[in-house]
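Each chain, letter by letter, is given below.
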Amino acid sequence: MSATEPGGGSAGPARVGAGGERAAGEVGGGGSAAAGEVGDGGSAAVGGGGSAAVGKAGGGSAGDGGRRPGTLRGVGVGPGDPELVTVKAARLIGAADVVAYYSARHGRSIARSIAEPYFRDGQLTEPLVYPVTTETTDHPGGYEAAITEFYDASAERLAAHLSAGRDVVVICAGDPMFYGSYMYLHERLAHRFPAEVVPGVTSISAATAVLGRPLVERDEVLTVLPGTLPADELTRRLADTDAAAVLKLGRTFPQVRAAFADAGRLADAWYVERATTATGRELPLVEVDPDGVPYFSLAVLTSPTGDAVAAGVGVAASTAPTAATEGGAAAEGGVTAGGVTVVGLGPAGSGWLTPETGQALREAEHLVGYGPYVDRVPHRPGQHRHTSGNQVEIDRARHALELALAGARVTVVSSGDPGIFAMATAVLEVATTDGRFGAVPVRVLPGLTAAQAAASRIGAPLGHDFAVLSLSDRLKPWTVIEQRLAGAAAADLVLALYNPASASRRWQVEAAQKVLLRHRSADTPVVIARDVGRPGERITVVPLAELDPSDVDMRCLLIVGSSTTRTDRRADGSTVVWTPRTYPG
């Protein structure tokens with residue numbers, strides 16, 4: 001298809017906004033609106049139901065000479081295959097006095113190509129030719145004014161037929177009320193004439209049919225999104241749903257693909273183009289060449305349960321969620337064991353989450369963790385959440401393993417990386433010392449650490465050998481901490497100091513400062529990284545001798561430089577801290 005043909009190419013820049021995009025649902029000629037139709041650019045709730053008489057106006061407007069007015073019908077003709085036109089739609093198309101359809105200036109129309117087998121000889125046709133498709137406009141009022149004038153004029157053309165007593169069918173690819181341009185005629189005419197809407201098969205239904213994968217099951221949630229949304233909004237919504245369909249691709253494809261990746265969903269997504277037509281194709285989203293994506297395509301996240309079935313896990317529809325056995329092993333007494341996956345959420349936000357961890361969070365039947373960390377994970381229907389305080393790691397680990405022993409898929413969440421001052425050690429301690437859990441698989445997935453995140457914000461202070469220490473004396477005595485600080489400082493290692501202070505621990509920072517000053521110069525750079533990745537993020541650099549303990553709390557991480565660590569001021573006024581990879585010797 002050419003770039004300006006309805007059903008081909010991507011929307012031009014002037015076409016974003018309310019009423020500013022062709023209907024996203026026409027995937028493979030099988031979208032939700034007639035070719036070249038304009039969608040509202042918003043998210044859509046998907047509903048079922050049959051055809052409905054909408055906005056009927058009693059006797060309608062009086063026709064010429066008092067004749068009975070005709071009836072306006074918005075008729076969905078499905079996703080592209082003419083055999084998917086409903087019986088009712090085919091009957092009404094054949095019986096109409098006038099068949100109207102949208103097209104670009106070249107005159108071709110996907111909706112007409114689908115419905116043409118049901119036309120009859122002698123029918124009047126009304127091509128509603130868009131003044132703008134993918135190109136810009138020189139209209140003095142811009143795109144919105146041009147398209148509003150077009151809809152007004154189109155409505156009056158159809159009103160003339162209706163007033164003369166002619167029945168008018170407006171054919172729409174997909175469904176007329178799902179990102180369809182018929183709605184703009186309906187809102188102008190339904191209060192003046194009898195009007196009826198006849199639903200059609202949507203592109204989403206067509207896409208999942210050609211994929212052969214369930215869209216949603218049981219209490220799973222489906223989210224329908226236009227690719228024209230801001231990238232961060234797409235990411236947020238994709239991370240917070242079970243299944244999704246993203247429409248309006250074409251020129252939006254790069255940001256849509258990036259949103260799937262940022263949400264940790266790229267590996268699970270599918271791409272469908274021109275569903276149910278001879279030129280349709282479907283493949284994993286990660287394999288799609290962005291240069292070849294037409295407007296009439298969509299990205300789909302299908303049912304997580306369906307994904308398990310497709311992968312051969314064998315989760316039957318009648319099986320309770322806790323009976324799923326992916327990665328499990330048989331436990332004593334014939335009980336099927338699930339598994340425990342320990343993950344790191346990174347320092348903050350979905351942008352710091354790895355795709356592998358995102359998948360583990362979605363597949364989990366139970367989430368276990370410290371309350372504030374579990375709260376960072378989007379809620380998913382049917383997923384059970386078990387939160388506890390920050391000082392009961394062993395109890396939390398035991399609870400997770402007991403859930404897995406009963407057959408559940410359990411994910412234990414930590415901030416940062418689960419193997420660094422976090423829950424992986426506690427889970428493995430219980431799993432290896434309590435004989436009941438010998439058959440329960442335990443998997444640890446890495447996460448981006450707070451030290452890595454903080455270092456990246458200021459430059460590369462961890463560019464050479466470094467040590468990671470916790471200043472918390474809750475699980476080890478201060479004498480041990482002091483010895484290790486002195487040893488690392490004497491070895492001239494850069495130090496990343498976790499848990500430097502809390503509401504009840506205010507003296508350790510000053511004590512650590514004194515130990516370090518025995519081995520480091522007073523002007524050694526210290527990075528104070530607060531709330532990295534969060535709205536209140538603040539990174540400051542001070543000389544070691546000027547470090548003020550009152551500036552440090554549990555929301556901070558400290559990086560103390562070595563003798564070679566440098567601080568430089570850049571031309572833009574920013575400060576960078578970095579440690580050379582070569583060491584004087």
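Preceding this paragraph is the structure being described.
Values in this document were obtained by computation on a predicted structure and should not be read as measured data. (Residues numbered from 1 in each chain as written. Predicted model: local features only at pLDDT ≥ 70, side-chain atom pairs only at ≥ 80, totals over all residues. Heavy atoms only, no water.)

J.: Which residues make up helix α14 (residues 478-490), and what values do they have?
T.: Here α14 is 13 residues long and its end C-alpha atoms lie 18 Å apart, about the 18 Å a rise of 1.5 Å per residue gives. Looking only at α14, the buried set comprises Trp-478, Ile-481, Leu-485, Ala-488 and Ala-489. Buried residues of α14, viewed axially, fall in a sector of 100°; they line one side. Away from its buried face by more than 90 degrees, α14 exposes Gln-483 and Ala-490. (Helix = DSSP H or I, 4+ residues; strand = E, 2+ residues; numbered from the N terminus. Expected span 1.5 Å × (residues − 1). Buried < 20%, exposed > 50% of the residue type's maximum accessible area, 1.4 Å probe, protein only. Arc of directions from axis to C-beta.)

J.: Describe the pattern of salt bridges, with residues and values.
T.: Think of it this way: side chains of opposite charge can pair up when their charged atoms draw near. Here the structure, examined in full by the defined rule, presents 22 salt bridges. The shortest N-O distance in the salt bridge between Asp-395 and Arg-398 comes to 3.8 Å. With Asp-395 and Arg-398 both in helix α11 (residues 393-405) and three residues apart, this pair spans about one turn of that helix. A relative accessible area of 48% places Asp-395 in the partly exposed class. Residue classification places Arg-398 among the partly exposed residues on the basis of a relative accessible area of 30%. A salt bridge links Asp-568 to Arg-566; its shortest N-O distance comes to 3.3 Å. Salt bridges sharing common partners tie together Arg-73, Lys-88 and Glu-196. (Salt bridge = Lys/Arg side-chain N within 4 Å of Asp/Glu carboxyl O.)

J.: How would you summarise unusual backbone geometry if you had to cite specific residues and measurements?
T.: A positive phi angle, close to 45°, is found at Arg-218, a residue other than glycine. Following the sequence through the fold, Arg-218 ends up in the loop between α5 (203-211) and β9 (222-226).

J.: Which residues make up the sheet that holds strand β18 (residues 442-444), and what are the values?
T.: In spatial order, the strands read β16-β15-β17-β14-β18; together these five strands make up an open sheet with parallel pairing. The outermost strands of the open sheet, each flanked by one partner alone, are β16 (384-388) and β18. Direction aside, the axes of adjacent strands within the sheet are offset by 20° on average. (Pairing = 2+ DSSP bridges. Axes fitted to C-alpha atoms, helices over the stretch in contact; angles between N-to-C directions.)

J.: Give a description of the side chain of Arg-409 that names residues and reports values.
T.: Looking at the secondary structure, you find Arg-409 in strand β17 (residues 409-414). From its side chain, Arg-409 meets the backbone oxygen of Glu-363 in a polar contact 3.0 Å long. (Polar contact = N/O pair within 3.5 Å; in protein donor to acceptor, adjacent residues only side chain to side chain.)

J.: Which residues make up the pairing of strand β11 (residues 270-273), and what are the values?
T.: Judged from the four bridges that link them, β11 and strand β13 (residues 297-301) form a sheet pairing that is antiparallel. Across the sheet, Val-272 pairs through a bridge with Leu-298, a residue of β13. As defined by bridge partners, β11 adjoins strand β12 (residues 281-284) across four bridges and the pair is classed as antiparallel. Along β12, the bridge assignment pairs Val-272 with Glu-282.

J.: Go over the sheet that holds β9 with me, naming the residues and quoting the values.
T.: Reading across from one edge, β9-β10-β13-β11-β12 is the order of the five strands in this open sheet, with mixed pairing throughout. Each having just a single partner strand, β9 and β12 make up the two edges of the open sheet. The mean angle between the axes of side-by-side strands here comes to 20°, regardless of whether they run parallel or antiparallel. Sheet contacts for α5: β9, β10 (243-247), β11, β12 and β13; angle to β13, the most-contacted strand, approximately 65°. (Contact = heavy atoms within 4.5 Å.)

J.: So what about the packing of α14 against helix α15 (residues 508-517)? Which residues, and what values?
T.: The geometry of α14 relative to α15 is characterised by a closest axis approach of 9 Å and an angle of 35° between their N-to-C directions. When you trace α14 past α15, the crossing you get is right-handed. In contact with Trp-478, Glu-482, Leu-485, Ala-486 and Ala-489 of α14, α15 contributes Gln-508, Ala-511, Ala-512, Val-515 and Leu-516. Of the residues assigned to the contact of α14 with α15, the class counts are eight nonpolar, one polar and one charged. (Left-handed = near helix turned anticlockwise from the far one by under 90°. Nonpolar A, V, L, I, M, F, W, Y, C, P; charged D, E, K, R; others polar.)

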